[in-house]
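# Residue-level structure breakdown
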Amino acid sequence: MGHAARLNVDEFVAAAFVFFSTHTAISSKRLPIPRARRIWHKAMVERYQAKNPRTWALRFHTQTAGCSLTAQQPYNNVVRTAIQALAAVLGGTQSLHTNSLDEAWALPTEFAATIALRTQQIIAHETGVTNTVDPLGGSYFVEH
């Protein structure tokens with residue numbers, strides 16, 4: 001829209017944020033993120049002739065997959081969400097929303113929202129995955 005209106009791409013895209021959803025299969029959901037970054041960079045530089053390095057960088061938010069939650073066994077949703085959140089972090093997300101165990105049928109309760117928050121905190125502070133830019137760098141499993 002901004003490009004069609006002849007706005008300077010660097011004036012409105014540098015603050016843009018893309019939204020991703022992550023699912024449980026770590027290998028298939030982690031890989032599109034680096035690919036998306038390359039596509040974004042190429043489009044900004046080659047197609048739109050962006051000059052600002054902030055415009056070249058893909059900034060994105062990730063949410064765990066609400067469609068994977070089940071109302072029948074809600075406590076299993078905690079495990080699903082934790083795996084999905086870890087996949088997002090391994091993919092380099094800059095912002096993360098973890099679904100609550102009861103979101104399959106209602107707005108989250110305070111209890112469920114606290115578990116979702118603690119899931120993020122455990123990943124951030126107890127797993128060590130945030131100590132490096134690419135914790136799976138060079139992994140045959142991921143590269144294959």
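Residues numbered from 1 in each chain as written. Predicted model: local features only at pLDDT ≥ 70, side-chain atom pairs only at ≥ 80, totals over all residues. Heavy atoms only, no water.

### Here we look at helix α5 (residues 76–90)
Look at α5: 21 Å from first C-alpha to last across 15 residues, which is about the 21 Å you get at 1.5 Å a residue. Within the span of α5, buried status applies to N77, T81, Q84, A85, A87, A88, V89 and L90. (Helix = DSSP H or I, 4+ residues; strand = E, 2+ residues; numbered from the N terminus. Expected span 1.5 Å × (residues − 1). Buried < 20%, exposed > 50% of the residue type's maximum accessible area, 1.4 Å probe, protein only.)

### Some details on the nonpolar core
Ranked by size, the top nonpolar core spans 9 residues in total: V9, V13, I33, A36, W40, M44, A50, L58 and F60. It is helix α3 (residues 32–47) that contributes the most residues to this core, 4 residues altogether. Once you skip the residues sitting within four places of it in the chain, V13 turns out to touch W40, M44 and T55. Ranked by size, the runner-up nonpolar core spans 7 residues in total, among them A88, L90, L96 and I123. (Core = buried A, V, L, I, M, F, W, Y, C linked by side-chain atoms within 4.5 Å. Contact = heavy atoms within 4.5 Å.)

### A closer look at the confidence of the model for the protein chain
Keep in mind that low pLDDT regions are not for reading the predicted coordinates in detail. A residue-level look at the protein chain finds 85% of positions with pLDDT of 70 or above and a mean pLDDT of 85. Within the protein chain, no element has a lower average pLDDT than helix α2 (residues 26–30), which sits at 56, and none a higher one than helix α6 (residues 110–126), at 97. (pLDDT = per-residue confidence, 0-100.)

### Topic: the pairing of strand β2 (residues 60–64)
Burial analysis of β2 places 4 of its 5 residues in the buried class, which makes it a mostly covered element. Judged from the 5 bridges that link them, strand β1 (residues 18–22) and β2 form a sheet pairing that is parallel. Within β2, the position partnered with S21 by the bridge is Q63. Where β2 and strand β3 (residues 95–97) come together, 3 bridges link them in parallel fashion. Paired with Q63 across the bridge in β3 is H97. Taken together, β2, α5 and β3 form a β-α-β motif whose crossover is right-handed. (Pairing = 2+ DSSP bridges. Right-handed = clockwise from strand over helix to strand, strands pointing away.)

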